[in-house]
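Results of the structural survey
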Number of protein chains: 2
Amino acid sequence: MNPAELDQLVSQIGEEILARLSAKKLAGAEGLGIANTVCPGCTQRCAQTCEAKTKKIIACGADRISASEKLTRIAPEIASLIDHTILKPDATADEVSKVCTEARKYSFASVCINPFWVPFVAKLLKGSPVKVCTVIGFPLGANTTDIKVTETENAVLCGAEEVDMVINVGALKSGDYEFVERDIRCVAQAAHRGGAILKVIIETALLDDQQKAMACTLAKLAGADFVKTSTGFAKSGATAADIALMRSIVGPGMGVKASGGIRSLEDVKIMEAAGASRIGASASVKIMEAAGGGTIANAAKQDGY
Amino acid sequence: MNPAELDQLVSQIGEEILARLSAKKLAGAEGLGIANTVCPGCTQRCAQTCEAKTKKIIACGADRISASEKLTRIAPEIASLIDHTILKPDATADEVSKVCTEARKYSFASVCINPFWVPFVAKLLKGSPVKVCTVIGFPLGANTTDIKVTETENAVLCGAEEVDMVINVGALKSGDYEFVERDIRCVAQAAHRGGAILKVIIETALLDDQQKAMACTLAKLAGADFVKTSTGFAKSGATAADIALMRSIVGPGMGVKASGGIRSLEDVKIMEAAGASRIGASASVKIMEAAGGGTIANAAKQDGY
């Protein structure tokens, strides 16, 4: 696709997104900007925690599994959705090691760490079904494409099976969609060459609804496997409204990962009901304890999407 | 220096630092942990803004220029201390361009941007005395050394004259001083090969006093040109107490950059009085207006250290 064709496509998609957003708002469903409205279920602004609001949001989209089905998942299935995450800059070897032990115990989908820790974690998880996940251009996304690609290649060589990259938010907001798409595509190709999958962090806290939709569209066009809400380092994280929007844009064929501020089993259920197929969390053990999950070594694992 | 020699040196330095910290506390100067104490000047916890406290801190060290001399600097001299900074991930081309125009107008020391913007800023600052400064492994520092080195080499090739790298805080806290020193040394060599200088961000908010002192010592051993307090993305930024501690460790021959939360002329004066030779700020224009600085094109510029 040449730049002119991409521009035209992006323009068409933008119009379609605006039309969909307007239609949903007109239909009285409060639409996808619902995160900023007072919730009828509990009279508070509570996009992350209110199940009544989540169900209302879900009603806006036809391509999501019903809340009731999702809310009855058993503990091993919940564990298989979770990227057990430790991304704080001052994480020590002992702390990272503990996270790996916990991930083996509960059979989480992956352990998500900064690139420095990839070889260490790959060694600790060897022989387990838990995947090694790392982050690229994290958390600002304002590195060059060359660096994102090299960081991806190195991480995959060292054992990363999943990479979560941050888009260039500044370029997106400057309207340089061609660059943003190419940036993602180059990293997707590097990940796929090494047999890894790519999740694309759009950092929802910094975007309006149209920009979120555009970022998801570009990630899909560029061949990414997932879109993901947040780095966990911005002013806010995942909301059910954003998950619903992202799912409506990428359709059922891609993964949607909710991350940032997910601290309870209730949060997980709400995000899943809204359309998330993967959850990023550091409170994963607390979540599993609430789900009644003990040691689930070698439990059946699914990819989460 | 081999690992055993480094370990021995680090151990000796650690003992010396502890001795100095204890001596200062015993001498009733409240020492370098003063940031956490109530200030006698204004009865508040105000390490960043209280001049009385700063002077007390300065009295702890003999190697700093007196506050009175520093506090009477004229506007162009203040401008020459400031790295005019825009590091938010969603900065647009228009915003970065505006920062460059402001930097030319006031003759700031540099414009500090994320790596993606280096070629753009290098073009906009061409022919001016304002340097191009970028950040490496930013803001978490938990990338591999290879990536930090490659990012530095690429940035320098694209026009960066100063690079501000983040140390591997997790490795430091894990006690792997040999790795931390080598990480810095490799980046310093890459920067110096390209004619750039290296500032080492130790992220004071995540360290205790002994760790701060250790990080400064390792940066000095590794051949860095500056130590710098903060990324601006942690829970807190520069304090006068930290600047005083850092200056006391690196001595007069290295630069000390205060960054994170510096929003007023008063803040600049306090940091400078405490021992800072460079200031990172995004509120630089407001600071210059308070200093009475108008257009100071082509004003005499000094390196700030």
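Because the structure is a prediction, the values reported are computed rather than measured.

So, how was this worked out
Throughout this description, residue numbers start from 1 for each chain and increase along the sequence as written. Note on labels: chains are lettered from A, ligands numbered from 1, in written order. Per-residue local features of the predicted model are confined to residues with pLDDT of at least 70, and side-chain atom pairs are confined, for both listing and counting, to 80 or more; whole-chain, interface and lining totals are unaffected and use all residues. Only hydrogens and water are set aside; all other atoms, that is, all heavy atoms of the structure, feed into the side-chain values. Per the convention used, a helix needs a DSSP run of H or I reaching at least four residues, while a strand needs a run of E reaching at least two, with both numbered from the N terminus. By definition in these notes, contact holds between two residues if any of their heavy atoms fall within 4.5 Å. Two strands make a pair as long as DSSP finds a minimum of two bridges between them. In this description, a line fitted to the C-alpha atoms serves as the axis of each element, helices being fitted only across the stretch in contact, and the angle between N-to-C directions of two axes falls anywhere from 0 to 180 degrees. Our superposition of the copies is a least-squares fit, built on the C-alpha atoms of residues whose pLDDT is at least 70 in both. By buried area we mean the combined loss of accessible area, with a 1.4 Å probe, across both parts when two parts are placed together. Here, a salt bridge means any side-chain nitrogen of Lys or Arg that lies within 4 Å of a carboxyl oxygen of Asp or Glu. Two N or O atoms count as a polar contact when they lie within 3.5 Å, although within protein this holds only if one can serve as hydrogen donor and the other as acceptor, and sequence-adjacent residues are included solely when both atoms are side-chain atoms. All amino acids are sorted into three groups, where Ala, Val, Leu, Ile, Met, Phe, Trp, Tyr, Cys and Pro are nonpolar, Asp, Glu, Lys and Arg are charged, and the leftover types, Gly among them, are polar. These descriptions rest on fixed angle ranges, namely under 35 degrees for roughly parallel, over 145 for roughly antiparallel, 65 to 115 for roughly perpendicular, and the rest for oblique. If you view the pair so one helix is near and one far, a crossing is left-handed when the near helix is turned anticlockwise from the far one by less than a right angle, and right-handed when it is turned clockwise. Buriedness for pockets is judged along seven lines, at least five of which must meet protein on both sides within 12 Å for an open set on the 1 Å grid over protein atoms alone, while cavities are sets there where a 1.4 Å probe fits but cannot get out, and lining residues have an atom within 4 Å of a point. Grid points are joined across faces, edges and corners, and a volume is the space filled by probe spheres set on the points. Three labels apply to residues, based on accessible area from a 1.4 Å probe with only protein chains included: buried if under 20% of the type maximum, exposed if over 50%, partly exposed otherwise in between. The crossover handedness rule: strands pointing away from the viewer, path from first strand over the helix to second strand clockwise, crossover right-handed. Between 30 and 60 degrees the pair is tilted, below 30 it is stacked and above 60 it is edge-to-face, where a pair is any two Phe, Tyr or Trp rings, Trp via its six-membered ring, whose centres lie within 6.5 Å.

Across its full length, chain A carries 13 helices and eight strands. Long-range pairs, those at least 24 residues apart, make up 68% of the contacts in chain A between residues at least 6 apart in sequence.

Attention shifts here to the sheet that holds strand β6 (residues 226-228) of chain A. Residue and element names in this part refer to chain A. Overall, parallel pairing links the eight strands, which are arranged β1-β2-β3-β4-β5-β6-β7-β8 in a closed barrel. Going from strand to strand, the sheet's axes swing by 25 degrees on average, the running direction of each strand aside. Across three bridges, the pairing between strand β5 (residues 197-201) and β6 is parallel. When the bridges of β6 are listed, V200 appears paired with V227.

What follows covers the relation of the copies chain A and chain B. Mapping chain A onto chain B is achieved by rotating through 180 degrees and translating by 0.0 Å along the same axis, at an RMSD of 0.0 Å. Within this description, the copies of the chain are treated as partners about a two-fold rotation axis. Mapped onto chain B, 100% of the interface residues of chain A again fall at the interface, so both copies present the same surface.

Right, let's talk about the interface of chain A and chain B for a bit. Contacts between the two partners involve 30 residues from chain A and, on the opposite side, 30 residues from chain B. When chain A packs against chain B, close to 2500 Å² is buried across both sides, 67% of that on carbon and sulfur atoms. Looking only at chain A, the three residues that lose the most surface to chain B are P89(A), F116(A) and L140(A), adding up to 26% of its buried area. At the surface where chain A touches chain B, the tally comes to two salt bridges. Taken together, chain A and chain B are joined by 10 residue pairs in polar contact (both at pLDDT 80 or more). No other element matches the five residues that helix α7 (residues 145-157) of chain A contributes to the side of chain A that touches chain B. Here the residues of the side of chain A that touches chain B sort into 17 nonpolar, nine polar and four charged.

Right, let's get into the packing of α7(A) against helix α9 (residues 177-193) of chain A. All names here are of chain A. Where α7 meets α9, the axes come as close as 9 Å, and the angle between the chain directions of the two elements is 15 degrees. Accordingly, the angle class assigned to the pair α7 and α9 is roughly parallel. Here α7 and α9 pass one another in a crossing that is right-handed. Counting all contacts with α7, which are made through T145, K148, V149, T152, E153 and V156, the residues of α9 involved are F179, D183, C186, V187, A190, A191 and R193. Across the contact of α7 with α9, the residue classes tally to seven nonpolar, two polar and four charged.

A few words now on the layout of surface pockets. Of the voids in this model, the largest pocket is the one considered here, and its volume is about 680 Å³. Lining the largest pocket are 37 residues, and of these L87(B), T231(B), G232(B), F233(B) and S282(B) lie nearest its centre. Of all the secondary-structure elements, those providing two or more residues to the lining of the largest pocket are β1 (82-86), α5 (93-106), β7 (255-259) and β8 (278-281) of chain B. Residue classes in the lining of the largest pocket are distributed as 15 nonpolar, 12 polar and 10 charged. Size it by volume and the second largest pocket reaches roughly 480 Å³. In terms of lining, the second largest pocket is formed by 24 residues, of which the most central are T231(A), G232(A), G260(A), G261(A) and S282(A). Within the residue set of the lining of the second largest pocket, elements represented by two or more residues are β1 (82-86), β7 (255-259) and β8 (278-281) of chain A. Of the residues belonging to the lining of the second largest pocket, the class tally is eight nonpolar, 12 polar and four charged.

A word on the pairing of β7(A). All names here are of chain A. Most of β7 is tucked away, with five of its five residues classed as buried. Burial along β7 is two-sided: the face carrying G255, K257 and S259 and the face carrying V256 and A258 are both buried. Sheet topology note: the β6/β7 ladder contains three bridges and is parallel. Bridge assignment links V227 to a residue of β7, and that residue is V256. Crossover handedness for the path β6 to helix α11 (residues 240-250) to β7: right-handed. Here three bridges tie β7 to β8, and the two strands are oriented parallel to one another. The residue of β8 that forms the bridge with S259 is G280.

Moving on to helix α12 (residues 265-274) of chain A. All names here are of chain A. Burial runs high along α12: eight of the 10 residues are buried. Buried within α12 are the following residues: L265, D267, V268, I270, M271, E272, A273 and A274. Count one or two residues on from α12 and you reach G275, which has phi positive near 130 degrees.

One pass over the structure, following the stated rule, counts 10 aromatic pairs over all chains. With centroids separated by 4.8 Å and ring planes inclined at 75 degrees, the aromatic side chains of F116(A) and W117(A) adopt a geometry described as edge-to-face. Both residues of the pair, F116(A) and W117(A), belong to the buried class. Relative to F179(B), the ring of F116(A) has its centre 4.9 Å away and its plane inclined at 45 degrees; by these criteria the two rings are tilted. Residue F116(A) is found in the loop between β2 (110-113) and α6 (118-125), and its partner F179(B) is found in helix α9 (residues 177-193); the two belong to separate chains. Assessed through its relative accessible area of 17%, F116(A) is described here as buried.

A separate point is the packing of α5(B) against helix α6 (residues 118-125) of chain B. All names here are of chain B. Across the interface, α5 lies against α6 with an axial gap of 10 Å and an inter-helix angle of 35 degrees. Where α5 crosses over α6, the two elements pack in a sense that is right-handed. For the pair formed by α5 and α6, the contact residues are A93, V96, S97, C100 and R104 on the first element and F120, V121, L124 and L125 on the second. Each residue belonging to the contact of α5 with α6 can be placed in one class, and the counts come to seven nonpolar, one polar and one charged.

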